[in-house]
Amino acid sequence: SDDIALSPLGKVLAIAERLDTLAGGFAAGLKPTGNKDPFALRRNALGLARTIIESGFDLNLSSFLMSAVESARAAIELSMTRLAKQEALDEEKTVAEFSPTANYKAKPQKKVSEIDLVSNDELANDLYDFILDRLRGYYADKGVPVQHFNAVAELRPASLYDFDRRIDAIGTFAQLPEAEALAAANKRINNILKKAGDDVPATVDTALLKEPAEAALAEAVEAVYAETGHALAHGDYVDALAHLARLRPRVDAFFDDVMVNVDDVPLRNNRLALLRRLSERLGSVAAIEHLSA
């Protein structure tokens, strides 16, 4: 609960030191289990997250974690190589002392790459998840509902400062009268798309929009893509979600008047394509389906 470093240099050093500590600990297999955390990695993770967020540093944490993991792995490999060489020299010296005429052959060194280790990508992702777990408590202490946290965490933003802005935006969105209905609609859409599998077309064919409600929704979706593109690119998530909230009447009308899983395959696939395009934009700030009861 202490304050973060005050000076810019202090903040940068705090971030670098914690990245090094966390990556080194995870690379060495020292991830905390249960209540045991002898190297205070949980505290380091929270300190790292707080310093980034409260300093307003819009950093690509995923990239930083990968660099830190690669450096830690390289340091461990170098240490193990040196240790193996020293052990071989010690063994050779011992054999020579007890049997000067023996034809001694040093054991072949085993490279670290031959040891069964997880990949750097897996380790960096595991470390990212570990940091998110610390943020869960951080936001809970601030009164952020767990549904809001889960909605943002599902997108795994590379920047924790960006993560924080999304948390604020989803809190504002959740207060809108359209929020719960759109959250429920997106949950329904995701279930439909999950059952459809990977055969959903990438684009919507306007010639196949037969029902007025689906044509109206398609038009509204394209309009909201145009309206929210700039806001999303600049992190104005409140504005983007406000535009998305206006889709509710079109979405309600679509589900009231249009049957998605019809026997006509091209027609069904086109409706699925429309729903996928809608869902991608509804989930552009956070997985809003988590707001649905």
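Provided above is the structure to which this section pertains.
Here goes a summary of the coordinates provided. (Residues numbered from 1 in each chain as written. Predicted model: local features only at pLDDT ≥ 70, side-chain atom pairs only at ≥ 80, totals over all residues. Heavy atoms only, no water.)

Quick word on the overall build of the protein
Then, number 1: Scanning the protein from N- to C-terminus turns up 11 helices and zero strands.
Then, number 2: Ordered by position in the sequence, the α and β elements of the protein form the string α-α-α-α-α-α-α-α-α-α-α.
Then, number 3: Taking 293 residues into account, the globule formula puts the C-alpha radius of gyration at 19 Å, and the protein, at 27 Å, lies well above it.
Then, number 4: Taken over the C-alpha atoms alone, the protein extends approximately 95 × 50 × 35 Å along its principal axes.
Then, number 5: For the protein, restricting intrachain contacts to residue pairs at least 6 apart in sequence, the fraction spanning at least 24 positions comes to 76%.
Then, number 6: Between the mean site of the 34 positive side-chain charges and the mean site of the 45 negative ones, the protein shows a separation of 4 Å. (Helix = DSSP H or I, 4+ residues; strand = E, 2+ residues; numbered from the N terminus. Rg over C-alpha atoms; globule rule 2.2 N^0.38 Å. Contact = heavy atoms within 4.5 Å. Lys, Arg positive; Asp, Glu negative; His and termini not counted. Charge placed at Lys NZ, Arg CZ, Asp CG, Glu CD.)

So, helix α6 (residues 160-174)
One full turn of an α-helix is made of 3.6 residues, so residues set three or four places apart face in the same direction.
Then, number 1: Across its 15 residues, α6 extends 21 Å between first and last C-alpha, which sits within 8% of the 21 Å expected from 1.5 Å per residue.
Then, number 2: Within the sequence span of α6, burial applies to L160, D162, F163, D164, R166, I167, A169, I170, G171 and F173. (Expected span 1.5 Å × (residues − 1). Buried < 20%, exposed > 50% of the residue type's maximum accessible area, 1.4 Å probe, protein only.)

Digging into the layout of surface pockets
Then, number 1: As a volume, the largest pocket reaches approximately 370 Å³.
Then, number 2: Lining the largest pocket are 16 residues, and of these S1, D2, R43, G47 and R50 sit closest to its centre.
Then, number 3: When contributions to the lining of the largest pocket are tallied by element, the ones reaching two or more residues are α1 (8-27) and α2 (41-55).
Then, number 4: Examining the composition of the lining of the largest pocket, we find that seven residues originate from one element, α2, more than from any other.
Then, number 5: Broken down by class, the residue content of the lining of the largest pocket amounts to five nonpolar, four polar and seven charged. (1 Å grid on protein atoms, 1.4 Å probe; cavity = no way out; pocket = protein on both sides within 12 Å on 5 of 7 lines; lining within 4 Å. Points joined across faces, edges and corners; volume = space filled by probe spheres on them. Nonpolar A, V, L, I, M, F, W, Y, C, P; charged D, E, K, R; others polar.)

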